[in-house]
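# Geometric and topological summary
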Amino acid sequence: MDVRACVLCVCRSCTDIICCVLFMLVIAGYIVVGILAWLYGDPRHVLYPRNSTGMFCGIGQNKDKPNVMYFDIVKCATATNVMAAALQGLQCPTTQVCVKSCPSEFWILSPLAHLPGANPANYFKQEYCVPSFQLQGTQYSAMDIVNKELCPFFYMPTTSALGRCLPSLGGNAYNPSNIPTNFTLPGLDANQTLAAIRNATSDLTNGFNIKEVGLRIFEDFAKSWQWIVAGLVIAMVVSVFFLLLLRFTAPVLIWVLIIGVLAVGAFGIWYCYNEYMSLSNSALTYNNVGFTTNVQVYLQVRDTWLAFLIILSIVEAVLLLALIFLRTRILIAIALIQETSKALGHMMSTLFYPIVTFVLLLVCVSYWGITALYLATSGAPFYKVVAMNTSQSGCSVIRANETCDPETFNTTQYPTCPSARCVFINYNTEGLFQRNLFNLQIYNVFAFLWCVNFVIALGHCTLAGTFASYYWAFSKPADIPTFPLIQSFMRALRYHVGSLAFGALILTLVQIVRIILEYLDHKFKEAQNPCTRFIMCCLKCCFYCLEKFIKFINRNAYIMIAIYGKNFCVSAKNAFSLLMRNIIRVVVLDKVTDLLLFFGKLLVVGGVGVLAFFFFSGRIQTPGTTFETAALNYYWMPIITVVFGAYLIAHGFFSVYNMGVDTLFLCFLEDLERNDGSPQKPYFMSKNLMKILNKKNKPAKTG
């Protein structure tokens, strides 16, 4: 029977069915949680501000009034209070109304408004008053209007930030010369008023200054998005070109990099020796220096350079010995890298599979975020009667925890407390669904992590099956299957969902433990003593290493699943055993590949970043374009965007390449152990690899 029939064309069956069923049940439960959250949740509580009656600004009857104005912004003296008001409702203890636009000037009620016969309509602005109150024809005096908080006593320049009228950002609005002389708050003189405004607005200005910066950045993106896209396209082209070029330049490039590392080490040895000899007359020792945070002091000690010299000499010697004794394995690693470039040339579609993974991950993240938002706003709003002006003695009639309905509430029910208001407190926690919101949020996080890890596992298995189909094709490229990427993807979904879910579940459980440890560390950080901090640090370090190890095992297990179609445990055991039998080859290939891909990322990201810097900073001009760098507010933002996007693009392409190298390497090891090169058991490896092996008397079976 043809050897190929034993590998990718085996009679496969579904693996890890129990885990597959469990995963499907979790997904079904996740969908149910999302539906319940959608039915009970109302994200408007977070997305839109509300006035004192609980009505949303910007929608419904307040559609033309998207901003909420605080009557006394000084009462919201800290950014924490205002952010709480922004996210949870009306925690800021002052009346709030929906307005079409925020005030743009300083204003305070004129003393003339308190004169007998004065008409309040001549002094207040209706647009800033409570909607249910009409200035025209009112029987209230100006003092009554202020005490009942029907209209504001004063307001100051504000701008809309997240739909909230907050003190104006930037400019000279709060310059003392721009504040009217009659603008003094009750009980304060002009200087005290200015100090109160500064104290109340300093944190707010710092906290919300990001809005103005964000608008400028958005303006920069609108002006330069075509060039940003052009930079990302250049990054994509350079990445693909670099990977394909490795087929021809890998040997030279890798040896140049290896020699470069040795040269850097040799330069370090020479430099340390030179510094050591230059301090030959120095009498400074560690006993004289003692402990200090000034590192420069230690560099004046001769023994410091002697220690550096010894360490670098040992590292250099180890690298030279490794290069001498592992040269054959380095040649094998180079040949595998070349073979991966050749495989990419025959299966270019693999380079674009990260787009599929990105879309699936985007779906997972979006579903998790929307579900979390709806769960956080589940339950009917809970309102209580609160006195906005606590100085009014008659407000003691308000009972503790007295509930109300903002639609039917009327201040006439509390004649001795005219500032009584029906305000939002929190969301109703009664009912089975509302009582289990915390548990549902935990389930949301758990299902999200499992889905994300499954999507990544699916990508690994799909790419592994694609590259394995290339390796086990006896005559390349004639025997490579048609549409190998699609076939591998469908094969993974048809037979191995359970195995992929199993590996993803193990990784998810470890990540959940890490999240719990981070939460406990953050929660009890100040109450910890040195011993508990040490234990917590050790636990976090251990689980971090465990997560890395599981990712390594899972990655190679998915490759074996793609090749042989066995369940997760058997595949993980076989992959681990195979790698341990060839541990030296594994280390050499891993380090050579890491060095090469690091250089590739540095080349792509650094090259595109330098090009973007020279272009967006105006140091180079493109003929025939109308783009002007002087029109940008922050020219470094497009540069950062291009660099970050170039890194993501390079990482996506190089991750495919890395998966190809790992897959071909495992296939190569399997080929060595299963076959002997005879006509009955021919090798499937490339001629280049076979030529390297033939330099020895016989193929090496172990590392």
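Criteria and thresholds
Residues numbered from 1 in each chain as written. Predicted model: local features only at pLDDT ≥ 70, side-chain atom pairs only at ≥ 80, totals over all residues. Heavy atoms only, no water. Pairing = 2+ DSSP bridges. Helix = DSSP H or I, 4+ residues; strand = E, 2+ residues; numbered from the N terminus. Core = buried A, V, L, I, M, F, W, Y, C linked by side-chain atoms within 4.5 Å. Buried < 20%, exposed > 50% of the residue type's maximum accessible area, 1.4 Å probe, protein only. Phe/Tyr/Trp six-rings, centres within 6.5 Å; stacked < 30°, edge-to-face > 60°. Lys NZ or Arg CZ within 6 Å of the ring centre and 35° of its normal. Contact = heavy atoms within 4.5 Å. 1 Å grid on protein atoms, 1.4 Å probe; cavity = no way out; pocket = protein on both sides within 12 Å on 5 of 7 lines; lining within 4 Å. Points joined across faces, edges and corners; volume = space filled by probe spheres on them. Nonpolar A, V, L, I, M, F, W, Y, C, P; charged D, E, K, R; others polar. pLDDT = per-residue confidence, 0-100. Salt bridge = Lys/Arg side-chain N within 4 Å of Asp/Glu carboxyl O. Patch = residues over 30% accessible without salt bridge, like charges linked within 9 Å, V, L, I, M, F, W, Y side chains within 5 Å. Areas by Shrake-Rupley, 256 points an atom, 1.4 Å probe, with all protein chains shown as cover. Disulfide = S-S within 2.5 Å. Expected span 1.5 Å × (residues − 1).

### Digging into the pairing of strand 6 (residues 164–167)
Sheet topology note: the strand 5 (residues 158–161)/strand 6 ladder contains four bridges and is antiparallel. Across the sheet, residue Thr159 finds its bridge partner in strand 6, namely Leu166. From the end of strand 5 to the start of strand 6, which pair antiparallel, there are two residues, and Leu162 there has a positive phi angle of about 60°.

### What about the nonpolar core?
Counting 99 residues, the largest nonpolar core has Leu243, Leu246 and Ile337 as the members making the most contacts within it. Counting residues in hydrophobic clusters, the runner-up holds 22 residues, among them Met69, Trp107, Phe124 and Leu135.

### Concerning the packing of aromatic side chains
In this description, an aromatic ring pair is defined by two values, namely the gap between the centres and the angle between the planes. Under the counting rule described, the total for this entry stands at 22 aromatic pairs. Aromatic side chains Phe502 and Phe568 sit 5.3 Å apart centroid to centroid with 55° between the ring planes, which places their arrangement in the tilted category. Taken together, the residues span a long stretch of sequence, with Phe502 in helix 14 (residues 497–523) and Phe568 in helix 16 (residues 568–581) at a distance of 66 residues. With centroids separated by 5.6 Å and ring planes inclined at 80°, the aromatic side chains of Phe613 and Phe614 adopt a geometry described as edge-to-face. By relative accessible area, Phe614 is classed as partly exposed at 34%. When the ring centre of Tyr276 is taken as reference, the NZ or CZ atom of Arg302 above it lies at 3.8 Å. Sitting above the plane of the Tyr564 ring, Lys566 keeps its charged end 5.9 Å from the centroid.

### Examining the environment of Phe409
Take Phe409: it is sitting in the loop between strand 7 (381–387) and strand 8 (420–427). Distance in space between the C-alpha atoms of Phe409 and Cys422 is 6.7 Å, their sequence separation being 13 residues. Setting aside its immediate chain neighbours within four residues, Phe409 contacts Val385, Cys404, Tyr414, Ala420, Arg421 and Cys422.

### A closer look at empty space enclosed by the protein
A water-sized probe rolled over the atoms picks out the places where empty space is left. In the structure shown here, the tally under the stated rule is six cavities of 30 Å³ or more. In this model, the largest cavity occupies a volume close to 80 Å³. Along the walls of the largest cavity sit Met69, Tyr70, Phe71, Ile73, Pro103, Phe154, Tyr155, Met156, Thr158 and Cys165, which together make up its complete lining. Put simply, the parts of the chain that give the lining of the largest cavity at least two residues each are strand 1 (67–70) and strand 4 (154–155). Its residues assigned to classes, the lining of the largest cavity shows nine nonpolar, one polar and no charged.

### Observations regarding the confidence of the model for the chain
Low-pLDDT portions of the prediction should not be read for the details of their coordinates. Predicted confidence across the chain gives a mean pLDDT of 79, with 77% of residues reaching 70 or more. Counted against residues more than four places away or in other chains, residues 1–6, with its pLDDT under 50, gives 11 contacts. Across residues 696–703 the pLDDT falls below 50, and counting only partners more than four positions away or on other chains, this stretch makes 17 contacts in the model.

### Topic: the pattern of salt bridges
As enumerated under the stated definition, the model contains eight salt bridges in all. Lys540 is the salt-bridge partner of Asp521, the closest N and O atoms lying 3.0 Å from each other. On the criterion of sequence distance, the pair formed by Asp521 in helix 14 and Lys540 in helix 15 (residues 530–564) is long-range, its members being 19 residues apart. Using a relative accessible area of 12% as the deciding quantity, one classes Asp521 as buried. In this structure, the salt-bridge partner of Glu547 is Lys551, at a minimum N-O distance of 3.5 Å. Of the two residues, Glu547 and Lys551 both sit in helix 15, four residues apart, roughly one turn of that helix. A relative accessible area of 36% means that Lys551 is categorised as partly exposed. Among the charged side chains, a network of salt bridges with common partners joins Arg514, Glu547 and Lys551.

### A closer look at unusual backbone geometry
Phi at Asp16 takes a positive value of approximately 50°, unusual for a residue other than glycine. The topology assignment puts Asp16 in the segment before helix 1 (17–40). The backbone phi angle of Phe483 is positive, close to 50°, even though this residue is not glycine. As for its position among the elements, Phe483 is in the loop between helix 12 (437–471) and helix 13 (484–495).

### Let's talk about a nonpolar patch on the surface
The grouping of Trp225, Val229, Val233, Met236, Val237, Phe352, Ile355, Phe358, Val359, Leu362 and Val363 at the surface amounts to a nonpolar patch, some 1000 Å² of accessible area in total. Listed by contribution, the elements that provide at least two residues to the nonpolar patch are helix 5 (190–278) and helix 10 (353–376).

### Let's talk about the state of the cysteines
Should the sulfur atoms of two cysteines be covalently bonded, the bond is a disulfide. A full pass over the atoms with the stated rule returns three disulfides. Each disulfide pairs two cysteine sulfurs, and for Cys129 the partner residue is Cys151, the sulfurs being separated by 1.9 Å. Disulfide Cys129 to Cys151: torsion about the S-S bond roughly 110°, handedness right-handed. One end of the pair, Cys129, is in the loop between strand 3 (107–108) and helix 4 (142–147); the other, Cys151, is in the loop between helix 4 and strand 4, with 22 residues separating them in the sequence. For the pair formed by Cys129 and Cys151, the shared burial category is buried. Between Cys569, a free cysteine, and Cys19, which holds the nearest cysteine sulfur, the sulfur-to-sulfur gap is 9.5 Å.

### Examining helix 9 (residues 327–346)
Compared with the 28 Å implied by 1.5 Å per residue over 20 residues, the 29 Å span of helix 9 between its first and last C-alpha is a close match. Where burial is concerned, most of helix 9 is hidden: 14 out of the 20 residues are buried.

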